[in-house]
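Next come the chains, spelled out residue by residue.
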Amino acid sequence: MSQVFPADYPPPFQSSDYVALPQAGEDERIEVGVLIVGGGPAGLACAVRLGQLLAQNEGLLESLGEVPIAVAEKGKAYGSHLLSGACMKPEPIRDLFPDTPDEEIPHYTEVTGEAVYFMTRGGKFRIPAPPQMKNHRNWVVSISQLGRWMSEQAEELGAFLLPETDVQKVLIDDGAVLGVVTGDKGRGREGEELATFEPGVEVHAKVTVLAEGTQGHLAGVVRNYYDLDRDSTQIWELGVKEVWEVEKPLDRVVHTLGWPLRLGKKYREYGGSWLYPMGEDKVSLGFVVGLDFADATTSPHDLLQDFKTHPFIRSILGDGKRLAWGAKTIPGGGLWGLPSRLHVPGAVLTGDSAGFVDMAALKGVNYAIRSGTLAADAIVEALEAGTADQPAGLWGYDKRIRDSEIWKDLWKVRNIRPAFQKSFVYGGMVHTMATASAGRLPKRVKFKADAAEPVFVGSRKYQKPDGEYTFDKLGSVFASGNQTRDDQPSHIRIQRHVPREIAVAWESMCPAKVYEIADDQPTNGTVTVQVNAPNCVQCGAITAKGGQLTPPEGGSGPEYTLT
């Protein structure tokens, strides 16, 4: 039987269609000094640091015009699209706000206890925490709450906040990024102009900061245009998360591996869970699954629901109540997934848009904040020198990243996640070798992108949700606060007629029930995929497994508050 690869069925998407020449006249465009695309930790850290630096440099501040810093965020509000574990190393945010006491920076607790368990179907046994996963004195935070707070600090420092602003195209002329084109509002399902129609606008900037987070649309366009991924391979994980109100406080950070994942080489299943205390009465619970899985029936959402039925997890959640749900991809390629350069003339890549995540430690928020801060330092340096639009004008950003803990940490663990693609046993061996040698061995483990791995239709079954303790996908989408307008154009690009193996993979993988195979389709061969785009919570998984997610109308999508 021939193997089926999602990469053989690429989406009807041309990156070049999202690159444009500037056309608007001075009266038709918006001029800003530094434009930050994305209101997450990286983008907001950049805005805050820029505000701090410009307050000390009146000449540069004046040269950037009436809007020296602007932050475009596609969510309805800052924090609406932010989702993460998150157990965060606090040093980068402390460095960003040196005069702010810890208690004024939103976080739930400082970690004082932790445990790692290997799970079996009905039991567990504790294992030593790998060095990378030690979390003593780290902070448990709601990344959406932290994002809202950081947006307030950025605004106080002079940043102009632009919520509900989706960015569709990048402006490039003579090799340099000159800004972006925002999306239209008020179009119908077929692209027709409705009574509420508002056209997008060109936003011109001296420097554009790409801080869109995981699977960033514009970051992907820029990386393709400048051929920045010629030496890199990115793989992705999908994290599905819930926040529970509980009667008994959780007194430690918990991570697990093993059940309900299958560890056989045949299935290529990688991942695990977290449970973090959010104060005395809430628990953050999530399950992460690698999107290079082989069995098309693998469903991260349903794996989380099954995981909750384990006696150990039931003992933590008890008779509690689910308060929130969300899903988001995580870049897992580490050092091997980074672009060849982190800057191009007129623009830089930060946070998850660059790929700054350490999967061995399950850490990314602290790197996002640090990269945004370092980007601001490099941007001010380049603006003062007048070289920001030159080929190497923003090289100072690359140098700062390479001199920081970001590069050093990712170098040490660069082969650990790729090794697990081959098998759980091989991954464990490389983990031990890399940890013992501080990353010097092995030199490089080769691996493939998620869509380049074959898929087959297995027979995995999941427990039926009861609607109180375990939930179906549509109930979870409702819990995300999703506010996508039903009649807007679809922002999802896939081939609609694909082998059943790929269709099942999309249908199972998606945590929001966006993709469905109609009942009248054949049991083998090519089938037609239906797309329920308004369900989408913009997790980005489809881009990893053979499709392409583009930004929907600004203000669409989930409205996270506790995640």
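Residues numbered from 1 in each chain as written. Predicted model: local features only at pLDDT ≥ 70, side-chain atom pairs only at ≥ 80, totals over all residues. Heavy atoms only, no water.

Trainee: Help me understand the overall build of the chain, please; the structure alone is not making it clear to me.
Mentor: Of regular secondary structure, the chain possesses 16 helices and 26 strands. Taken against the 2.2 N^0.38 rule, which gives 24 Å for 563 residues, the C-alpha radius of gyration of the chain at 23 Å falls within 12% of a compact globule. Seen along its three principal axes, the alpha-carbon backbone of the chain occupies a region of about 65 × 55 × 45 Å. Of all 563 residues assigned to the chain, the portion counted as buried reaches 61%. (Helix = DSSP H or I, 4+ residues; strand = E, 2+ residues; numbered from the N terminus. Rg over C-alpha atoms; globule rule 2.2 N^0.38 Å. Buried < 20%, exposed > 50% of the residue type's maximum accessible area, 1.4 Å probe, protein only.)

Trainee: What is the right way to look at the packing of helix α1 (residues 41–54) against helix α9 (residues 365–385) in this model?
Mentor: Helix-helix packing is described using two parameters, namely the angle between the two axes and the distance between the axes. Remark: α1 packs on α9, axes separated minimally by 7 Å, with the N-to-C direction vectors making an angle of 35 degrees. Crossing hand, α1 versus α9: right-handed. On α9, the residues that touch Pro 41, Ala 42, Ala 45, Cys 46, Arg 49, Leu 50 and Leu 53 of α1 are Val 365, Ala 368, Ile 369, Ser 371, Gly 372, Thr 373, Ala 375, Ala 376, Asp 377, Ile 379 and Val 380. In terms of residue class, the contact of α1 with α9 is made up of 13 nonpolar, three polar and two charged. (Axes fitted to C-alpha atoms, helices over the stretch in contact; angles between N-to-C directions. Left-handed = near helix turned anticlockwise from the far one by under 90°. Contact = heavy atoms within 4.5 Å. Nonpolar A, V, L, I, M, F, W, Y, C, P; charged D, E, K, R; others polar.)

Trainee: I tried to follow the side chain of Ser 423 on my own but got confused; where do I start?
Mentor: Structurally, the position occupied by Ser 423 is in the loop between α12 (416–420) and α13 (424–436). Within polar-contact distance, the side chain of Ser 423 engages the backbone nitrogen of Tyr 426 at 3.0 Å. (Polar contact = N/O pair within 3.5 Å; in protein donor to acceptor, adjacent residues only side chain to side chain.)

Trainee: Would you explain the environment of Gly 239 in this entry?
Mentor: Along the polypeptide, Gly 239 turns up in strand β15 (residues 236–245). Separated by 88 residues in sequence, Gly 239 and Ala 327 place their C-alpha atoms 5.6 Å apart. The contact partners of Gly 239, leaving out residues within four places of it in the chain, are Phe 287, Val 288, Gly 326, Ala 327 and Lys 328.

Trainee: Explanation requested: the nonpolar core in the structure shown.
Mentor: Within soluble globular proteins, side chains that are nonpolar tend to cluster in buried spots. By size, the foremost hydrophobic cluster in this structure holds 85 residues, and its most contacted members are Leu 35, Ile 36, Leu 50, Ile 93, Phe 356, Ile 379 and Tyr 397. Among the elements that make up this core, the one with the highest residue count is α9 (twelve residues). Other than its neighbours up to four places away in sequence, Phe 356 contacts Leu 338, Leu 342, Leu 349, Thr 350, Gly 351, Gly 364, Tyr 367, Ser 371, Tyr 397, Ile 401, Ile 406 and Leu 410. Of all hydrophobic cores here, the second largest spans 61 residues; its members include Met 119, Leu 303, Phe 312 and Ala 512. (Core = buried A, V, L, I, M, F, W, Y, C linked by side-chain atoms within 4.5 Å.)

Trainee: It is not clear to me how the sheet that holds strand β16 (residues 253–258) should be interpreted in this structure. Could you clarify?
Mentor: Across a sheet, strands are paired by hydrogen bonds formed along the backbone, either parallel or antiparallel in direction. The sheet built from seven strands is open, its strands ordered β7-β6-β16-β17-β18-β15-β19 with mixed pairing. Where the open sheet ends on each side, the last strands, each with one partner, are β7 (124–127) and β19 (321–331). Each adjacent strand pair in this sheet contributes to an overall mean axis angle of 20 degrees, direction not counted. The pairing of β15 with strand β18 (residues 282–290) spans nine bridges and is classified as antiparallel. Within the sheet, the bridge partner assigned to Glu 237 lies in β18 and is Gly 290. Contacts from helix α6 (residues 300–307) reach β6 (114–119), β15, β16, β17 (271–277), β18 and β19 within the one sheet, and its direction differs from that of β18 by about 130 degrees. (Pairing = 2+ DSSP bridges.)

Trainee: Would you take a moment to explain the sheet that holds strand β5 (residues 109–110) for this structure?
Mentor: Taken in spatial order, the three strands make up an open sheet running β4-β8-β5, and their pairing is antiparallel. The sheet terminates laterally at β4 (87–88) and β5, the two strands that pair on one side only. Note that β5 and strand β8 (residues 139–140) share two bridges and pair antiparallel. When the bridges of β8 are listed, Glu 110 appears paired with Trp 139.

Trainee: Looking at this model, I keep getting lost on the state of the cysteines. Mind explaining?
Mentor: Two cysteines joined by a covalent bond between their sulfur atoms form a disulfide. Taken as a whole and judged by the stated rule, the model has zero disulfides. The thiol of Cys 539 is not disulfide-bonded; the next cysteine sulfur, from Cys 510, is found 6.0 Å away. (Disulfide = S-S within 2.5 Å.)

Trainee: I would appreciate a short explanation of the pairing of strand β2 (residues 30–37) in the present structure.
Mentor: It is a general feature of regular strands that their side chains alternate between the two faces of the sheet. Most of β2 is tucked away: six of the eight residues are buried. Strand direction decides the pairing type here: β2 and strand β3 (residues 69–72), joined by four bridges, are parallel. Bridge assignment links Leu 35 to a residue of β3, and that residue is Ala 70.

Trainee: Quick question: what am I supposed to make of the packing of aromatic side chains here?
Mentor: To describe a pair of aromatic rings, one takes the distance between the centres and the angle between the planes. Counted according to the given criterion, the structure contains eleven aromatic pairs. Cluster of aromatic residues (ring-pair linked, three or more members): Tyr 270, Phe 420 and Phe 424. Positioned over the ring face of Phe 471 is Arg 322, at 3.7 Å from the centre of the ring. The ring of Trp 411 has Arg 414 sitting right over it, with the charged end atom 4.1 Å from the ring centre. (Phe/Tyr/Trp six-rings, centres within 6.5 Å; stacked < 30°, edge-to-face > 60°. Lys NZ or Arg CZ within 6 Å of the ring centre and 35° of its normal.)

Trainee: Please explain the packing of α9 against helix α10 (residues 395–402) as it appears in this structure.
Mentor: At their nearest, the axes of α9 and α10 sit 8 Å apart, and the two run at 145 degrees to each other. Crossing hand, α9 versus α10: right-handed. Of the residues in α10, those in contact with Ser 371, Leu 374, Ala 375, Asp 377, Ala 378 and Glu 381 of α9 are Gly 396, Tyr 397, Arg 400 and Ile 401. Looking at the contact of α9 with α10 residue by residue, the classes come out as five nonpolar, two polar and three charged.

Trainee: What is the right way to look at the environment of Pro 511 in this model?
Mentor: Position of Pro 511 among the secondary structure elements: in the loop between α15 (500–509) and β24 (515–517). Judged by its relative accessible area of 1%, Pro 511 is buried. Setting aside anything within four residues of it in sequence, one finds Pro 511 in contact with Leu 238, Val 240, His 301, Trp 325, Ala 327, Lys 473 and Cys 539.

Trainee: Quick question: what am I supposed to make of the pattern of salt bridges here?
Mentor: Side chains bearing opposite charge may pair, as long as their charged atoms lie close to each other. Under the counting rule described, the total for this entry stands at 25 salt bridges. In this structure, Asp 487 and Arg 485 form a salt bridge, with 2.7 Å as the shortest nitrogen-oxygen distance. Owing to a relative accessible area of 33%, Asp 487 belongs among the partly exposed residues under this scheme. (Salt bridge = Lys/Arg side-chain N within 4 Å of Asp/Glu carboxyl O.)

Trainee: Honestly, the side chain of Asp 295 in this entry has me stumped. Any pointers?
Mentor: Its place among the elements puts Asp 295 in the loop between β18 and α6. Asp 295 sits in the buried class, given a relative accessible area of 0%. Within the structure, the side chain of Asp 295 is placed 2.9 Å from the backbone nitrogen of Gly 458, a separation counted as a polar contact. Among residues more than four places away in sequence, those in contact with Asp 295 are Arg 262, Tyr 267, Phe 456, Val 457, Gly 458, Ser 459 and Arg 460.

Any functional reading would require information beyond the geometric quantities listed.
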